[in-house]
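Tertiary structure, described
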There are 2 protein chains.
Amino acid sequence: MSELRSWIAEANDPATDFPLENLPFGVFRRHGKPHIGMAIGDSILDLHACLDLGYLDQLSRPIRDACRQPTLNALMTLGRTAAHAVREAAAILLSEHSKVRDERLLVPQATAEMLLPARIGDYTDFYASIYHATNVGRLFRPDNPLLPNYKYVPIGYHGRASSLLVSEAEVRRPHGQTKAPDAAAPTFGPSRLLDYELEMGFFVGRGNARGEAIPISEAEDHLFGLCLVNDWSARDMQAWEYQPLGPFLAKNFATTLSPWIVTLDALEPFRIPALARSEGDPVPLPYLNDPRDQAQGGFDIQLEVSILTGQMRAAQEAPAVVSRGNLKYLYWTLAQMLTHHASNGCPLEPGDLMASGTVSGPEAGSFGCLLEITQRGAHPLTLPNGEQRKFLQDGDEVIFRGWCEKPGHRRIGFGECRGRVLPG
Amino acid sequence: MSELRSWIAEANDPATDFPLENLPFGVFRRHGKPHIGMAIGDSILDLHACLDLGYLDQLSRPIRDACRQPTLNALMTLGRTAAHAVREAAAILLSEHSKVRDERLLVPQATAEMLLPARIGDYTDFYASIYHATNVGRLFRPDNPLLPNYKYVPIGYHGRASSLLVSEAEVRRPHGQTKAPDAAAPTFGPSRLLDYELEMGFFVGRGNARGEAIPISEAEDHLFGLCLVNDWSARDMQAWEYQPLGPFLAKNFATTLSPWIVTLDALEPFRIPALARSEGDPVPLPYLNDPRDQAQGGFDIQLEVSILTGQMRAAQEAPAVVSRGNLKYLYWTLAQMLTHHASNGCPLEPGDLMASGTVSGPEAGSFGCLLEITQRGAHPLTLPNGEQRKFLQDGDEVIFRGWCEKPGHRRIGFGECRGRVLPG
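Residues numbered from 1 in each chain as written. Chains lettered and ligands numbered in written order. Predicted model: local features only at pLDDT ≥ 70, side-chain atom pairs only at ≥ 80, totals over all residues. Heavy atoms only, no water.

Side note on the relation of the copies chain B and chain A
Note the following rule: Only residues with pLDDT of at least 70 in both copies count here: their C-alpha atoms drive the least-squares fit that superposes the copies. Note on contacts: a residue pair is in contact if any heavy atoms of the two residues lie within 4.5 Å.
Note on the copies: chain B fits chain A at an RMSD of 0.0 Å, the axial shift is 0.0 Å, and the rotation between them is 180 degrees. The symmetry that links the two subunits is that of a two-fold axis. Of the C-alpha atoms belonging to chain B, the one lying closest to the rotation axis is found on Gly 246 of chain B, 2.2 Å away. Both copies share a contact surface, since 100% of the interface residues of chain B are interface residues in chain A too.

Here you go:
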């Protein structure tokens with residue numbers, strides 16, 4: 001497969017996350033207003049400017065109107081073919097063969113203020129990594145780590161939409177109730193067991209009507225694209241509050257998203273079969289079982305977590321990689337999660353966000369949160385500069401990266417999802 | 001205390017839910033567009049029409065602008081004093097002393113299409129009735145019905161905003177996974193244990209900035225008003241899915257709200273002390289403990305559940321009252337729930353909805369859901385026409401009512417919250 005080349009030199013760098021083959025969508029501020037843009041090399045293609053200058057006249061009126069909105073919701077509503085058409089038009093505009101080489105269309109990513117890409121009505125977090133569920137379950141129930149429903153139900157719960165943040169927003173350590181195992185009563189104060197959770201988010205494109213399920217064979221038509229998600233978690237608050245209705249204040253103080261939504265079209269070369277079931281595992285129930293989804297519903301997306309402590313920052317050291325994972329370790333496919341969510345008639349709306357839950361792989365080194373890496377603090381992590389971490393300390397910055405690589409294909413990346421912890 | 005009298009005769013009926021002293025806010029459709037209105041007797045005062053005809057010129061420009069919006073969010077953002085000013089202006093306009101007796105301002109409630117009163121960004125459901133928590137806990141853990149955190153933490157979880165409905169919307173029986181205790185594996189199909197949950201909802205008015213808590217002494221400044229909520233629940237789906245992250249598809253297919261938001265101002269005469277703690281119960285942690293809230297943070301609101309079955313409807317029988325409760329049975333006040341929610345810095349936004357969780361009292365006859373009334377189906381309910389119910393059947397209509405009564409005060413009511421079950 002031949003690579004596409006752009007007149008923007010950085011887009012042709014083999015190391016870029018954002019070649020012409022990617023063209024993810026995001027929203028940034030320009031002239032004081034939110035504009036929809038697409039990442040290309042180190043730049044952003046400003047779709048608002050493209051429209052103003054007449055460079056996207058070949059797109060239909062509804063698509064052009066959608067590209068002028070302050071969020072991606074309208075474009076999401078138009079379905080995957082609309083996003084496909086915008087990507088195609090942008091690819092032509094940015095190709096090395098294009099006669100348009102208009103710098104007014106471009107904004108440097110380095111100085112752009114990124115915004116949440118969509119008005120997110122509802123946010124749902126799943127629990128789709130069986131390795132994570134097993135590791136966490138083992139900490140609480142050594143004999144019986146995985147609950148009986150896990151291999152039948154894509155377990156999920158509702159998160160908080162109002163505390164979703166875009167990468168680089170600072171995160172204040174939350175206060176809350178915690179109770180030491182030997183204490184008679186809880187106390188209220190700053191969380192001492194603050195953690196990150198490495199997740200992949202996926203945005204709903206076209207929605208469904210209330211009361212109407214989404215067949216799994218059509219699920220991906222309702223998926224707009226993917227981003228990185230850090231589901232910050234206060235483990236001490238979580239342990240005390242989560243029975244019997246699930247996590248609440250331990251999670252809803254902040255959830256950070258990477259700003260660029262990578263489309264399924266861009267990820268197409270990196271599809272893989274769904275995770276192979278272990279012997280004895282049940283076949284998915286019919287509403288979750290689609291041969292095409294089983295054959296190619298997984299994605300080979302490499303994930304990486306780094307930490308930059310305050311001490312490392314002061315010494316101008318580079319962030320330290322603390323784990324490497326891969327989205328292929330999910331027990332449930334994105335299509336299965338989405339179909340399950342709508343199976344009771346729950347209306348999904350354009351711009352709704354779902355996330356995978358913490359992505360952990362089978363081996364140490366591939367665990368997606370400190371709770372697992374340090375075994376709830378029992379085995380602290382030692383960073384290259386000698387610092388140790390059981391959980392996050394004030395000043396720590398957590399950086400997620402994600403990308404796809406494969407011989408014969410351009411690297412497709414997600415950029416970064418980062419956030420720094422402020423004192424509580 | 002002397003009663004206020006209106007030139008609208010029905011507002012002076014002692015049995016009305018909507019005297020001049022109430023004036024709750026809602027949104028209805030007129031001339032094809034959402035208008036903000038206030039219930040008065042059997043009518044709606046159309047604030048849009050009042051503004052058009054110059055009857056509210058004494059209100060400030062921001063308040064008048066907010067009253068022209070298609071939802072109450074803008075008015076909620078302006079805080080309780082703004083809503084107070086609108087209620088005062090409307091009371092003058094509707095008083096028997098008013099020279100304005102303009103029928104163009106009124107729409108009959110009977111024919112109006114009510115809409116959701118606000119754009120609800122996030123919906124949170126609490127679990128604040130200790131009797132409900134104990135009754136339900138006993139079904140699952142006979143020896144240890146109440147978990148250790150209950151008397152310290154106002155337990156809550158995030159619900160789904162996209163499936164919130166206004167009264168009278170039909171509710172389709174959801175499909176989902178369920179597993180019989182003796183079955184080897186779950187099956188997928190229509191829920192067989194569909195239930196209602198009698199709850200009180202409360203809307204956030206003014207919000208808080210991310211990272212900033214709301215002191216309990218200021219919590220009620222962030223409360224716009226109350227409505228009735230039916231948190232429809234599929235008990236068989238809930239039992240199978242809820243471990244370890246809480247209820248999800250068992251709840252998010254539908255949640256029904258009564259259309260009128262009754263303000264705290266209107267409820268002022270019906271304040272009572274917070275529920276008395278039992279001997280040995282802990283004192284609330286300081287962030288949840290406010291003397292004024294303890295002294296008057298409860299509300300004496302009577303609640304009633306009726307069921308109208310298909311058979312009763314065919315025979316033109318009246319709905320049968322199946323339980324009577326009261327909001328005074330909440331273990332946590334509204335202020336405690338709201339303050340707890342924001343205590344970790346979670347941003348609450350104008351129009352966000354919280355609900356109390358099922359309101360059950362101490363005695364049989366005051367239980368707020370069929371799960372408790374029938375002891376998970378073990379003791380079916382017998383209706384006046386001889387029909388029996390373990391859980392809801394197709395065609396059943398569930399009707400909630402709520403009101404306050406007290407000698408020397410006008411009755412303040414919530415109207416109805418109703419919904420009929422359609423086959424799955």
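This is not the end of the story, as more comes after the structure.
Considerations on the pairing of strand E3 (residues 43–46) of chain B
Residue and element names in this part refer to chain B. For clarity, the threshold we go by: Residue exposure (1.4 Å probe, protein chains only): buried if accessible area is under 20% of the type maximum, exposed if over 50%, otherwise partly exposed. A run of H or I in DSSP becomes a helix once it reaches four residues, and a run of E becomes a strand once it reaches two; helices and strands are each numbered from the N terminus. At least two bridges found by DSSP between two strands is the condition for calling them paired.
Residues of E3 alternate between two faces, with Ser 43 and Leu 45 on one and Ile 44 and Asp 46 on the opposite face, all of them buried. Counted between consecutive antiparallel strands, the loop separating strand E2 (residues 33–40) from E3 contains two residues, among which Gly 41 sits at a positive phi close to 60 degrees. As paired strands, E3 and strand E4 (residues 106–108) are joined by three bridges and run antiparallel to one another. Looking at E4, one finds that Leu 45 is bridged to Leu 106.

Points about the pattern of salt bridges
The cut-off we apply is this: A side-chain nitrogen of Lys or Arg and a carboxyl oxygen of Asp or Glu constitute a salt bridge if their distance falls within 4 Å.
Per the stated rule, a full pass over the model turns up 58 salt bridges over all chains. Linking Arg 104 of chain A and Asp 102 of chain A is a salt bridge whose minimum nitrogen-to-oxygen distance equals 2.8 Å. Residue Asp 102 of chain A is classed as buried on the basis of its relative accessible area of 10%. Among the salt bridges present, the one from Glu 405 of chain B reaches Arg 411 of chain B, with a minimum N-O distance of 3.0 Å. Arg 411 of chain B sits in the buried class, given a relative accessible area of 17%. Several salt bridges share partner residues, and in doing so they unite Glu 304, Arg 313, Arg 324, Glu 397, Arg 401, Glu 416 and Arg 418 of chain A into one network.

Description of the interface of chain B and chain A
Put simply, the rule reads: Two parts placed together each lose some accessible area under a 1.4 Å probe, and the buried area is that loss summed for both. Within 3.5 Å is the distance limit for a polar contact, defined as a pair of N or O atoms, with the added protein rule that one can donate a hydrogen and the other accept it, and that residues adjacent in sequence qualify only through two side-chain atoms. Side-chain classes follow a simple rule in which Ala, Val, Leu, Ile, Met, Phe, Trp, Tyr, Cys and Pro form the nonpolar group, Asp, Glu, Lys and Arg form the charged group, and the remainder, Gly included, forms the polar group.
Contact with chain B, which involves 59 residues of that partner, is made by 59 residues of chain A. Contact between chain B and chain A buries roughly 5,200 Å² in total, counting both sides, with carbon and sulfur atoms accounting for 60%. The three residues of chain B that bury the most area against chain A are His 158, Leu 245 and Phe 248 of chain B, which together make up 15% of that side's buried surface. Where chain B meets chain A, there are four salt bridges. With a closest N to O distance of 2.6 Å, Asp 352 of chain A and Arg 160 of chain B form a salt bridge. Inspection of the region where chain B meets chain A yields 31 residue pairs in polar contact (both at pLDDT 80 or more). For the side of chain B that touches chain A, the elements supplying multiple residues, two or more each, are strand E6 (123–126), strand E7 (156–158), strand E9 (171–172), strand E10 (175–178), strand E11 (187–190), helix H6 (235–241) and helix H10 (334–342) of chain B. Per-class residue counts for the side of chain B that touches chain A are 32 nonpolar, 19 polar and eight charged.

Notes on the confidence of the model for chain A
Note the following rule: You can read pLDDT as the predictor saying how much it trusts each residue, on a scale of 0 to 100.
On average, chain A scores 97 in pLDDT, and the residues at 70 or more come to 100%. Interface confidence in the predicted complex, given as ipTM, is 0.97; pTM for the same model is 0.98.

Observations concerning helix H4 (residues 80–94) of chain A
Our working definition: In this analysis, the expected span of each helix is defined as 1.5 Å times one less than the number of residues it contains.
With 15 residues, H4 of chain A ought to run about 21 Å at 1.5 Å a step, and its terminal C-alpha atoms sit 21 Å apart, in line with that. Listed as buried for H4 of chain A are Ala 82, Ala 83, Val 86, Arg 87, Ala 89, Ala 90, Ala 91, Leu 93 and Leu 94 of chain A.

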